[in-house]
Amino acid sequence: MAINPLRIKPSDAVRLINSTPVGPVCNDRLLRRHRDAAGLHISEDGQTVNLFKYAAWLLCRWLEKDSAPNQTYEEKKEAVRNRNIALALAGRDIGELPDVKRPDAKAACRTDFRLFCETYFPESFSLAWSGDHLKAISKIESAVLHGGLFALAMPRGSGKTQLSETAAIWSMLYGHREFVTLIGATETAALEMLDSIKTEFEVNEHLEDDFPEVVYPIKCLDGIANRCAGQLYKGERTRITWTSNELVLPTIKGSPASGVIVRVAGITGRVRGMKYKRSDGRSVRPSLVIVDDPQTTESAGSLEQTKKRVRVLAGDILGLAGPGQKISGIMPCTVIRPGDMAEQILDRGVHPEWNGERTKLVYRFPKNTALWEQYADIRADALREDGNFARATEFYRSHREEMDEGAVVAWPERHNADEISAVQYAMNLKLQDEGAFQSEYQNDPLPEDFGGDTLLSADEIASKVNGLPKGRVPLSCDKVTCFIDIQKALLFYAVVAWDENFGGAVLDYGAWPDQRSRMFSLASANPTIQDKFPSAGLEGGIYASLEALTDDLMEREWEREDGALLRIERGMIDANWGASTDIVYEFCRRSRWSGVICPAHGRYVGASSKPMTEYRRQNGDRLGFNWMMPNVAGKRAIRHVIFDSNFWKSFIHARLAVMQGDRGCLSFYGRRPDIHQLIAEHLTAEYRVKTAGRGRVVDEWKLRPDRSDNHWLDCLAGCAVCGSMMGATMPEFGTATPLKKCHAPVKLSDIRTARESAPTVPGRRKIRLSDIRREKG
């Protein structure tokens, strides 16, 4: 191949010079240093080398060196040191940046997030956008450019996480945000997001072409983080950082992305106090936070974890920007369970600042359910026999127009290669697992008690009023019971009257001390037990409050509609609350109402547990319908009641569901439903999960993640247990164990008198105790 020595490429010049018998004497780095030092003396266009001029320049340098005066040893050593420093600096310097290949496209994408996604991430966003995508893109763009918060729940696989990561890259490259924080459900999840962003910088050729000021210094690292500290550009440090949990983009003069920081954290990890000192001396704090799927399946089902994560989001994360500064935030999420963290944040009524957007895979399902049922049967048979659903697809192809009628899908282009349309894709997912489909693709999870009768809403429960004044007993009721639920700050109580068929009326309920407000919560209680008894300890305060409350309830007379006055015949006090157990037992022993009240323990009897109806009676035990009063001895030598809390909560909801006027209906006093809104919220604070085990199906009750107060539900369940102990029964729930009839006491003198007055008749049986009782009436 012919070589023009007047205009030779630098790489070809190195190979030519090293081809002499002398051997290798030059390399690319040495030639680049010489080109930088000689400038246009050896190159007219800056791209090629004039070999003759290069040789002449080298000769001149050699002559200058040879004519230099003799140096001392120290001077030579200093010269060698300086030469080594120059070599080291030359090796650390990344040299000139490549040119931007598409400056117009780069400029056009500065404020257009959709165009940025299409231009620089065509492989990730290859399908046509759906209307939901465009809406999400618009809100993300607004959050990044102008500030604000945006939470979006999109169907799984719709690219919500990819959109969020791309938004982070967009904000970094154009300098829209100088400190980005990535928050995950765990720190590991957040690190995965950062790794994804780093991979884009390393392998995305579209970014490399148009953002050399960011990508070229990163590629010069060759994945070796130790090179960061020494990297130079034109003799200045780039201050790039490339670690597992932090990324700082290179500082390049004129680059809007200079010194942009990205850090990660788990939502339950160390989030507070993030800041970074830039090379210009400014301290910066996060200005954009991306919270990607901040909950796990476990945390979504836990009230405490849900409350903690919502609290961290509202306090720690949104406060990252510092005093007087507002932070921008993007939160892609999935609603896993009703009332979980995602559903709370997406609710604009509860958190309007997040501008929550909840999208679905299917907005309207097909009308022709008969054909789809037929399709489901064909699909199931084909999967069992052939291992695929090709036969079902052919059936759908033949009847597509009829089967698609009425369907509205969010993203028509979304379906698999072996499916014909997005409608078929969505229906296949629904047939595969409807529960997962509703949660993962519709963002509308099924309530966990679905599959049976549904529970009443809070409004429906509050409307169950009977028109009687507060405290008035209905004519049909003859038993009055009460239950007290103990908490650290308050005592919750309820008084319920029952008839023999377990119909009932709530006569009174409330909290002690009285809260003087219709709407309150345990967390906001004012005054509290501690406020009433400031000099007492925890146990002393509970004891004194129990004494005050029981005296108030037990001394009352509850007037029935016919004028009869009734008193509370059976009451129970919850002894399950941690530190209160011993004090409850002590109070029930010493109280002047000890013949009426007793400690109670609600026991969680799940499907895997032995039902209380199968308990074996021991000597001295009293067994009732899903409750028992065991024989006791020892430290807590006082009779107490154990009952199946799951069963009796279901029982209360069953009574509330009975229509007014029917046998077994439970109602509230008064005529205004609004005054019972708070107790209705307590009664709906738990949901039931029908669970099978030990050959039976039971309701297992769990607290909703968005609720914390369920105390009056416990009170009404306890009152129902008291009613059962007093003999109330419902045929569909079995027969309770009524109290045994108490006989009048018989004196010893009566027995002697009866024996002495009875004539002695041969063969006549002796006088028995029952004869005397019968004679006394």
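Up top you'll find the structure we're talking about.
Described in the following lines is the structure provided in the data block.

Cut-offs and rules
- Residues numbered from 1 in each chain as written.
- Predicted model: local features only at pLDDT ≥ 70, side-chain atom pairs only at ≥ 80, totals over all residues.
- Heavy atoms only, no water.
- Helix = DSSP H or I, 4+ residues; strand = E, 2+ residues; numbered from the N terminus.
- Buried < 20%, exposed > 50% of the residue type's maximum accessible area, 1.4 Å probe, protein only.
- Contact = heavy atoms within 4.5 Å.
- Areas by Shrake-Rupley, 256 points an atom, 1.4 Å probe, with all protein chains shown as cover.
- Pairing = 2+ DSSP bridges.
- Axes fitted to C-alpha atoms, helices over the stretch in contact; angles between N-to-C directions.
- Core = buried A, V, L, I, M, F, W, Y, C linked by side-chain atoms within 4.5 Å.
- Expected span 1.5 Å × (residues − 1).
- Polar contact = N/O pair within 3.5 Å; in protein donor to acceptor, adjacent residues only side chain to side chain.
- Salt bridge = Lys/Arg side-chain N within 4 Å of Asp/Glu carboxyl O.

**Considering the overall build of the protein**
Along its length, the protein carries 28 helices and 27 strands. With 777 residues in all, the protein has 47% of them scored as buried. Considering only intrachain contacts with a sequence separation of at least 6, the fraction spanning at least 24 residues in the protein is 67%. Total accessible area on the protein is roughly 39000 Å²; 49% of this is exposed by carbon and sulfur atoms.

**Notes on the sheet that holds strand β15 (residues 479–486)**
Backbone hydrogen bonds hold the strands of a sheet together, and the pairing may be parallel or antiparallel. A sheet is described by the order of its strands in space; here 9 strands give the open sequence β22-β23-β24-β21-β20-β15-β16-β17-β25, paired in mixed fashion. Strands at the two margins of the open sheet, each flanked by one partner only, are β22 (622–624) and β25 (666–668). Each neighbouring strand pair of the sheet contributes to a mean axis angle of 25°, computed without reference to strand direction. The sheet contacts of helix α24 (residues 645–657) involve β16 (491–498), β21 (597–603), β23 (627–629), β24 (641–644) and β25, and relative to β24 the element is tilted by about 65°.

**Focus on the sheet that holds strand β5 (residues 241–242)**
Ordered in space as β5-β6-β7-β2-β10-β11-β1-β12, the 8 strands form an open sheet in which the pairing is mixed. Edge positions in the sheet fall to β5 and β12 (357–358), since each has one partner strand and no second. Sheet topology places strand β2 (residues 179–184) next to strand β7 (residues 261–266); 6 bridges connect them, and they run parallel. Within β7, the residue paired with L182 across the bridge is V264.

**Quick look at the nonpolar core**
Residues F116, L173, L182, F201, L207, L249 and I330 are the most contacted members of the largest nonpolar core, which totals 49 residues. Examining the composition of this core, we find that 7 residues originate from one element, helix α8 (residues 160–173), more than from any other. Those residues in contact with L182, other than ones at most four positions away along the chain, are A190, M193, L194, I197, V262, R263, V264, A265 and I290.

**Notes on the pairing of strand β27 (residues 696–703)**
Within a regular strand, side chains alternate between the sheet's two faces. Bridging between strand β26 (residues 686–693) and β27 involves 8 bridges; their strand directions are antiparallel. Counterpart to G693 in the pairing with β27 is R696. Turn length for the β26-β27 hairpin, with the two strands adjacent in sequence and antiparallel, is 2 residues, and the turn residue R694 shows positive phi of about 55°.

**Observations regarding helix α1 (residues 10–17)**
Buried within α1 are the following residues: P10, D12, A13 and V14. Where α1 is buried, its residues touch α2 (28–38).

**A short note on α24**
Compared with an ideal rise of 1.5 Å per residue, which puts 13 residues at 18 Å, α24 spans 18 Å between its outermost C-alpha atoms and is within 8% of the ideal. Judged by how many residues are buried, α24 sits mostly within the fold: 11 of 13 residues are covered. For α24, the set of buried residues is S645, N646, F647, W648, K649, S650, F651, I652, H653, R655 and L656. Sitting at the amino-terminal end of α24 is D644, which places a side-chain oxygen 3.1 Å from the backbone nitrogen of N646.

**Some words on the environment of D514**
The topology assignment puts D514 in the loop between β17 (504–512) and α21 (529–532). When its relative accessible area of 51% is taken as the criterion, D514 is described as exposed. With 22 residues separating them in the primary sequence, D514 and F492 have C-alpha atoms 9.8 Å apart. At 3.5 Å, the side chain of D514 forms a polar contact with the backbone nitrogen of R516.

**Side note on the pattern of salt bridges**
The full count for this structure, using the stated rule, is 40 salt bridges. The shortest N-O distance in the salt bridge between R15 and D12 comes to 2.2 Å. A residue pair is termed a helical-turn pair when its members lie 3 or 4 positions apart in one helix, as R15 and D12 do in helix α1 at 3 residues. When the shortest N-O distance is used, the salt bridge between D699 and R688 registers 3.6 Å. Of this pair, D699 sits in strand β27 while R688 sits in strand β26, placing them 11 residues apart in sequence. Given a relative accessible area of 13%, D699 falls into the buried group.

**Description of the side chain of K479**
Inspection of the secondary structure assignment puts K479 in strand β15. A polar side-chain atom of K479 sits 2.9 Å from a polar atom in the side chain of D478. Setting aside chain neighbours within four positions, we find K479 in contact with V496, A497, W498, D499, E500, E569, M726, G727 and A728.

**Comments concerning unusual backbone geometry**
Note that the residue after W512, namely P513, is joined by a cis bond; omega there is 0°. Among the secondary structure elements, P513 is positioned in the loop between β17 and α21. In this structure, P527 follows N526 across a cis peptide bond, with omega equal to 5°. Mapped onto the elements of the fold, P527 is located in the loop between β17 and α21. Even without a glycine there, the phi angle at N443 is positive, about 50°. With respect to the element layout, N443 can be found in the loop between α19 (434–441) and α20 (458–462). One non-glycine residue, R516, adopts positive backbone phi at about 55°. Tracing the sequence through the fold places R516 in the loop between β17 and α21.

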